[in-house]
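Each chain is listed here by its residues.
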Amino acid sequence: MGLSLSVRLYSRAEDSPPSSSSAFSPLAVPTSSRLAVILNSSPVAPGDGRSHWSSVHRSPHFLLSACKQEVTRSPVERSSDGVRAEMGLKSGLHVWEVLWSPNHRGSHAVLGISRQNCPLQASGYNVLMGGDSQSWGWELKTNQLWHGGQSLGLYPGKKRRCHSEAVEDFSPQSSTKMAQTPLPVPERILMVLDADAGTLGFIVDGSFLGVAFKDLPRGVELFPAVSSVRGGASIRLRYLNGATRDPPALMALCGLSIRQFLGHERQNQMDKLPLPSRLQHYLLSSQ
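Quick caveat: nothing in here was measured; it's all calculated off a predicted structure.

(A) Structural detail: the confidence of the model for the protein. Mean pLDDT for the protein: 83, with 75% of residues reaching 70 or above. Within the model, pLDDT remains below 50 along residues 159–170, and this stretch shows 20 contacts once partners closer than five positions in the same chain are excluded. Predicted confidence is poor over residues 173–179, with pLDDT under 50, and the contacts of this stretch with residues over four places away or in other chains come to ten contacts.

Take a look at the structure:
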């Protein structure tokens, strides 16, 4: 009964999605309760090891900052360069924040994940993440998905309407002429890895765009990774939060529903709710 109640509370909160003028909003996919709780939880400490780029597994053309959260590509010509995170994950649902200015991307700017032995440097200008069987990447300029050296189509997919009834198809291969013009991806991107389900997706402008890759290998370490050919490109990584495969606790779902009903504008009025002080403290501390 507790799980049924929590799902009902969560569903009611989803009935009123936040409005947005972003081009990605019409392509948004409803998030699972696990992901919604993660996104509405406080991020882990900035110094967490899962926020670090690897000092070893990177192209020599990528310079690592002292805090290990930022890499900057040197102005080297005719080279494709990659870097992966220091820590990989084998299980759970995890969200990272990647900051990469559109002005510092150029062509072949790819964000994704890799296995431990993915190539991290190649001659010429190529898609490095997704260029072989060891990595999966989203090319940010063209919106193309890459794996095994092949383009798998545009991401996100389309959302069409037929006979006044919404028909959704978010598979990359379903793109139409309306989706042929790449959507400009902003600086901040959230990457969502479900290592238990074997899926990878992305959140842009607050909109979850659905599954980009499925059937990822399970039980092996998967690492956030990027590749670039642009000199001066600076890319920052931060691990936000994660969860096990267990369903979210009822308390977390109830807190999520309350915060969603209040909205961001009224979050500072939480203390006016007719609740015991302990519950008010929980709602405020879990933001």
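(B) Region of the structure containing the pairing of strand β14 (residues 199–204). Burial of β14 is extensive: six of the six residues sit out of reach of the surface. Two elements, β14 and strand β15 (residues 207–213), share four bridges in a ladder whose sense is antiparallel. Counterpart to glycine 201 in the pairing with β15 is valine 211. The loop that links β14 with its antiparallel partner β15 comprises two residues; one of these, aspartate 205, has a positive phi angle of about 55°.

(C) Spotlight on the environment of alanine 122. With respect to the helices and strands, the residue alanine 122 is situated in strand β7 (residues 121–123). In this structure alanine 122 touches Ser79, Ser80 and Leu128, once residues within four positions along its chain are discounted.

Rules used throughout
Residues numbered from 1 in each chain as written. Predicted model: local features only at pLDDT ≥ 70, side-chain atom pairs only at ≥ 80, totals over all residues. Heavy atoms only, no water. pLDDT = per-residue confidence, 0-100. Contact = heavy atoms within 4.5 Å. Buried < 20%, exposed > 50% of the residue type's maximum accessible area, 1.4 Å probe, protein only. Helix = DSSP H or I, 4+ residues; strand = E, 2+ residues; numbered from the N terminus. Pairing = 2+ DSSP bridges.

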